[in-house]
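The chain contents come next:
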Amino acid sequence: MTFSLHRSVFAGVALAALTSATHAADDPHIRGEITAIDGATYSVETASGQSVDVDLAAEHTVLLYTPLDLADVKADDYLGIPSAPAQGGGKRALAVVVFPEAMRGFNEGEGNWDLVPGSRMTNATLARLAAKDDAGTLTVTHGGASEEIAVPQGTPVVTFAPAPDREIRIGEQAIFFARDTDSGLTAGLVGVSEDGSLPPL
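Residue positions within a chain follow its written sequence, with the count starting from 1. A pLDDT threshold of at least 70 governs which residues receive local features in this predicted model, and a stricter bar of 80 or more applies before side-chain atom pairs are shown or counted, although totals over entire chains, interfaces and linings include all residues. Side-chain measures here rest on the full set of heavy atoms in the structure, leaving out hydrogens and waters.

Would you take a moment to explain a negative patch on the surface for this structure?
There is a patch of like negative charges on the surface, built from Asp 69, Asp 72, Asp 133 and Asp 134. Numbered from the N terminus, helices here are DSSP runs of H or I no shorter than four residues, and strands are runs of E no shorter than two. Structurally, Asp 69 can be placed in the loop between β3 (51-68) and β4 (78-85). Only residues above 30% relative accessible area that lack a salt bridge enter a patch, with like-charged residues linked at up to 9 Å and the nonpolar side chains Val, Leu, Ile, Met, Phe, Trp and Tyr linked at up to 5 Å. For the area figures, the Shrake-Rupley method with a 1.4 Å probe applies, and any residue is considered shielded solely by the protein chains shown. Salt bridges, as used here, are contacts in which a Lys or Arg side-chain nitrogen is within 4 Å of a carboxyl oxygen on Asp or Glu. Lys and Arg are tallied as positive, Asp and Glu as negative. Neither His nor the chain termini are counted. Note that the charge is assigned to NZ on lysines, CZ on arginines, CG on aspartates and CD on glutamates.

Please explain the pairing of strand β13 (residues 184-193) as it appears in this structure.
Each residue gets one of three labels from its accessible area relative to the maximum for its type: buried under 20%, exposed over 50%, partly exposed in between, using a 1.4 Å probe on protein chains only. Counted residue by residue, β13 has seven buried out of 10 residues, so it is predominantly covered. Taking the residues that link successive antiparallel strands as the turn, the strand β12 (residues 173-181)-β13 hairpin has two residues. Only strands that DSSP links by at least two bridges are regarded as paired with each other.

Mind showing me how you'd approach the nonpolar core here?
Side chains of nonpolar character tend, in soluble globular proteins, to be buried together. Residues belong to a common nonpolar core when they are buried Ala, Val, Leu, Ile, Met, Phe, Trp, Tyr or Cys residues joined through side-chain atoms within 4.5 Å. Counting residues in each nonpolar core, the largest one holds 18 residues, and the members touching the most others are Ile 30, Val 54, Leu 56, Ile 168, Phe 176 and Val 190. The set of elements that each furnish at least two residues to this core consists of β1 (29-38), β2 (41-45), β3, β12 and β13. Looking at this core, the element that brings in the most residues is β3, giving five residues. Aside from chain neighbours lying at most four places away, what touches Phe 176 is Pro 28, His 29, Ile 30, Ile 34, Tyr 42, Val 44, Val 54, Leu 56, Ala 187, Leu 189 and Val 190. Of all hydrophobic cores here, the second largest spans 14 residues; its members include Ile 81, Val 98, Ile 149 and Val 151. Residue contacts are defined here by distance: any two heavy atoms, one from each residue, within 4.5 Å place the two residues in contact.

Now the structure itself:
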């Protein structure tokens, strides 16, 4: 596969994923354990214990998340950082996602996220990482602004890539970037990890 095709694939993934991020209230992210598969319909048990059915579109992309160490994150990396309010103000990262280079700049900025109450998603360039062991502080820039986001010890750090041959299996955790249509929830993008777990995204 040529670099230009890789870039095209990543661009398509970015548009799908980040459109969901921009319209989180209308286009929900369904996260949880896959409990059943019936054709293209996936039953997902969410953290709240609710069972939700999502239809996977015939033309869809599977993202495979792979773990990194915080020390692997370098200055000028383009990051997606879901966060929650920190005690005393500011943000604490719930995860750190390193974007592929081909996705640099997509949906730069921050907005509401639907992971936990009060959560935000920040897509930004890393200016500085002050780290000790697997905890630290990220200084990131977006739209001419700069801010610091705390990274507590044990915060998952991942990157991702399209995995067209990856099967989605019963019993593993997944995130479906869904759209609410007249016929129910439909997703063209789903994320999983190789070990069947899922970072907080």
